[in-house]
Amino acid sequence: MKLSSITEKDIIDAGSIIDFIGIPLNFLYNNYWVELANGKEYPFKYLIREAYKIANKTEENLDFTPTDTYRDYIMGLGFGINNYYPRSLNFFKREEIALFQKLAGTKYRKANLENVRESKLLLPSIKKLNYWASNSLIEDFTVKEDNHWHWSGTIKEYLWLRIYRKSDSKNVYFVLGINKKGELYLELNCQRSNHTGGKVKGLPPQIVKQLDSYLYEADYDEKKIDLNRLDHHNWNSLIEFTQDYLYKYAALYDELELIATNKNVEQIPNEYALIEVDIPDKTKSYLNKERNFKGRKTDWGKKQAVSSKLGLLGEELVLHIEKKKLEELGLIDKVEKVHKKLDGEGYDILSFDEMGNEIFIEVKTTKGNWDEPFYLSVNEKVFCELNIDKYKIYRLYNYDHISKSAQYYKILGPQLLDFDLNPINYEVSKSLTYELKNGEK
């Protein structure tokens, strides 16, 4: 038997050598891991190869295929092989993350052999980080994998990867990583500075300020798993935990992406202002004639909450502008009558025109561009038809969260006839049927 020369001491000594030199990347993927008395795990095949070299005083690698017979022999020496990992990669270990804590932010020099040795011991954490991210993706998202652990001669203080929608700007992203406190963490963030020699440009400071402000006011939390809770997780639970986080905040991610891609930020003035433009000749439509019927898990409650908040912000802006307009016209008695309407009344704001006549304003707000479509309820449509000469839609776009400003165009009631109103939902109901005496219906 090829392993008959290996003793208990050889296995222990092999473990000590691996602790010092690290596990090569090509041996990280192993279904079976051997646990030694120190509580650490070692990939079965690599540990046995190192033990064989010690036992036979050779540098030749043992050529063997792990079998139950070989595993039984090692267990017969008193070692446990009770750790089987279907994903072939063992889970994050305390000692690996503790090592990163120790090295985070320290200098790295290729000429320093100790630096080189320690860097090899970081490889399992980096490989596992990439594995965690690539296996936690939800629909339409991808990960930018990264095996770099140092930057400009210094070991990074954070090991982290970006997750974003494939078609997006990549300036807004989910972050998945290990911080210098030794915590696994998840958060939403953005491109704050230049990277890779200036090839990746940071967002303008005013956009970063908007994103931070929006996140601060949103129903949002970053998540952390510290070393004390690490033992309560495995790959399956961590991946499920991560996917739930991505689903929960996907709608908020979309809102941040719209802020980051607002190309007209320089055109927006400061503090409560609306810039009026002409009605666009054409807008987008997301009603596809062909459906792919691919499943997609969406947190509709979260998405609705984000949309509702944006809607309220737009209404607040219009309310402010309408009162200011009436003050400038000298219609002071009308100012106090401008107010927000309750849901279900068919419009959002009661105001007055230049002649002091009532107008009914419906506000539709987006952080997107001028050509984004908007949605009108049946109740709003019917109210418009009944009050067509007094009804106006204020379509706000490029909404700026910081300055509470936007660009907009007005649609008068009669002008709504120039737009396509397409149904996107259906009420499903059933009418009563009556059986006649002769059996007919």
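From a predicted model like this one, the values you see are computed outputs, not experimental measurements. (Residues numbered from 1 in each chain as written. Predicted model: local features only at pLDDT ≥ 70, side-chain atom pairs only at ≥ 80, totals over all residues. Heavy atoms only, no water.)

A.B. asks: What exactly am I supposed to notice about the sheet that holds strand S12 (residues 339-340) here?
C.D. replies: Think of a sheet as strands paired side by side through backbone hydrogen bonds, with each pair either parallel or antiparallel. With mixed pairing, the six strands of this open sheet are ordered in space as S11-S16-S15-S14-S13-S12. The open sheet has two edge strands, strand S11 (273-276) and S12, and neither has a second partner. Pairing between strand S14 (residues 358-365) and strand S15 (residues 391-400): six bridges, direction parallel. Note that in S15 the partner of Thr-365 across the bridge is Leu-396. (Pairing = 2+ DSSP bridges. Helix = DSSP H or I, 4+ residues; strand = E, 2+ residues; numbered from the N terminus.)

A.B. asks: Can you help me understand helix H1 (residues 8-21) in this one?
C.D. replies: Helical periodicity: at 3.6 residues per turn, an α-helix aligns residues three or four positions apart in one direction. Taking 1.5 Å per residue as the helical rise, H1 with its 14 residues ought to reach 20 Å, and the 20 Å between its terminal C-alpha atoms agrees with that figure. Residues of H1 that are buried: Asp-10, Ile-11, Ala-14, Gly-15 and Ile-18. Projection of H1 onto a plane perpendicular to its axis shows the buried side chains occupying an angular sector of 140 degrees, all on one side. Buried positions along H1 lie against strand S2 (41-43), helix H2 (44-56), helix H3 (68-76) and helix H5 (113-134). Of the residues flanking the end of H1, it is Gly-22, one or two places downstream, whose phi is positive at about 90 degrees. (Expected span 1.5 Å × (residues − 1). Buried < 20%, exposed > 50% of the residue type's maximum accessible area, 1.4 Å probe, protein only. Arc of directions from axis to C-beta. Contact = heavy atoms within 4.5 Å.)

A.B. asks: Explain the side chain of Arg-395 to me, please; I cannot follow it from the model alone.
C.D. replies: With respect to the secondary-structure elements, Arg-395 resides in strand S15. No salt bridge is formed by the buried Arg-395; the nearest opposite charge belongs to Glu-372, separated by 5.6 Å. Engagement of the side chain of Arg-395 in a polar contact is seen with the backbone oxygen of Lys-364, the distance being 3.4 Å. Excluding its chain neighbours within four sequence positions, the residues that come into contact with Arg-395 are Lys-364, Thr-365, Thr-366, Glu-372, Pro-373, Phe-374, Gln-407, Tyr-408 and Tyr-409. (Lys, Arg positive; Asp, Glu negative; His and termini not counted. Salt bridge = Lys/Arg side-chain N within 4 Å of Asp/Glu carboxyl O. Polar contact = N/O pair within 3.5 Å; in protein donor to acceptor, adjacent residues only side chain to side chain.)

A.B. asks: Just to check I follow, could you spell out H3 for this structure?
C.D. replies: Listing the buried residues of H3 in full gives Tyr-70, Arg-71 and Ile-74. Seen end-on, H3 carries its buried residues on one side only, within an arc spanning 100 degrees. In H3, the exposed positions that point more than 90 degrees away from the buried face belong to Thr-69 and Gly-76. Of the residues one or two after H3, Gly-78 is the one with positive phi, at around 105 degrees.

A.B. asks: Explain the packing of aromatic side chains here, please?
C.D. replies: The description of an aromatic ring pair uses the distance of the two centres, along with the angle that the planes make with each other. Applying the stated rule across the entire model yields 22 aromatic pairs. A ring pair is formed by Phe-174 and Tyr-253, whose centres lie 5.7 Å apart and whose planes are at 10 degrees; its orientation type is stacked. Separated by 79 residues along the polypeptide, Phe-174 in strand S8 (residues 172-178) and Tyr-253 in helix H8 (residues 235-260) bring together distant segments of the chain. Judged by relative accessible area, Phe-174 falls into the buried class, the value being 1%. Residue classification places Tyr-253 among the buried residues on the basis of a relative accessible area of 0%. Here a set of aromatic residues connected by ring pairs shows up, and it is made of Tyr-29, Phe-91, Phe-92, Tyr-131, Trp-132 and Trp-235. Its end group placed over the ring of Tyr-32, Arg-71 keeps NZ or CZ at 3.9 Å from the ring centre. Between Arg-117 and the ring centre of Phe-20, over which it is positioned, the NZ or CZ distance is 4.1 Å. (Phe/Tyr/Trp six-rings, centres within 6.5 Å; stacked < 30°, edge-to-face > 60°. Lys NZ or Arg CZ within 6 Å of the ring centre and 35° of its normal.)

A.B. asks: For this particular structure, what's the right way to read the confidence of the model for the protein?
C.D. replies: Close inspection of predicted coordinates is inappropriate in any region flagged by low pLDDT. When the pLDDT values of the protein are averaged, the result is 87; 89% of them are 70 or greater. Per-residue pLDDT, averaged within each element of the protein, yields its smallest value for strand S3 (residues 80-84) (74) and its largest for strand S13 (residues 349-352) (97). (pLDDT = per-residue confidence, 0-100.)

A.B. asks: Teacher, can you tell me more about the sheet that holds strand S9 (residues 184-190) here?
C.D. replies: What the five strands build is an open sheet, ordered S4-S7-S8-S9-S10; its pairing is antiparallel. Single-partner strands in this sheet number two, and they are strand S4 (141-144) and strand S10 (223-225). The average angle at which neighbouring strand axes cross in this sheet is 25 degrees, direction not considered. Sheet analysis places S4 next to strand S7 (residues 159-165), joined by four bridges and oriented antiparallel. By the bridge assignment, Val-143 is partnered in S7 with Ile-163. H8 rests against S4, S7, S8, S9 and S10 of the sheet, and its axis sits at about 145 degrees to S8. (Axes fitted to C-alpha atoms, helices over the stretch in contact; angles between N-to-C directions.)

A.B. asks: Hey, could you run me through the pattern of salt bridges in this one?
C.D. replies: Any two side chains of opposite charge can pair, on the condition that their charged atoms come close. A complete count under the given rule lists 21 salt bridges for this structure. Lys-93 is the salt-bridge partner of Glu-41, the closest N and O atoms lying 3.1 Å from each other. Here Glu-41 is found in strand S2, whereas its partner Lys-93 is found in the loop between S3 and helix H4 (94-103), with 52 residues between them in sequence. Exposure class is identical for Glu-41 and Lys-93. Each is buried. Residues Glu-362 and Lys-364 are paired through a salt bridge, measuring 3.3 Å at the closest nitrogen-oxygen approach. A relative accessible area of 11% places Lys-364 in the buried class. Linked through salt bridges whose partners overlap, the residues forming this network are Asp-140, Arg-165 and Asp-254.

A.B. asks: Hey, could you run me through a nonpolar patch on the surface in this one?
C.D. replies: A cluster of nonpolar side chains, namely Tyr-286, Leu-287, Tyr-375 and Ile-424, defines an oily patch on the protein surface of about 410 Å² accessible area. Mapped onto the elements of the fold, Ile-424 is located in the segment after strand S16 (405-412). (Patch = residues over 30% accessible without salt bridge, like charges linked within 9 Å, V, L, I, M, F, W, Y side chains within 5 Å. Areas by Shrake-Rupley, 256 points an atom, 1.4 Å probe, with all protein chains shown as cover.)

A.B. asks: What should I look at first to understand the environment of Ile-48 in this one?
C.D. replies: Counting through the fold element by element, Ile-48 comes out in helix H2. By relative accessible area, which is 0% here, Ile-48 ends up buried. For Ile-48 and Ile-74, which are 26 residues apart along the polypeptide, the C-alpha to C-alpha distance reads 8.8 Å. Ignoring any residue separated from it by four or fewer positions in sequence, one finds Ile-48 in contact with Leu-3, Ile-6, Ile-11, Leu-62, Phe-64 and Ile-74.

A.B. asks: So what exactly am I meant to see when it comes to the side chain of Glu-50 here?
C.D. replies: For Glu-50, the location among the structural elements is in helix H2. By relative accessible area, which is 11% here, Glu-50 ends up buried. Sequence-distant contacts of Glu-50, that is, excluding residues within four places in its chain, are made with Ala-14, Ile-17 and Ile-18.

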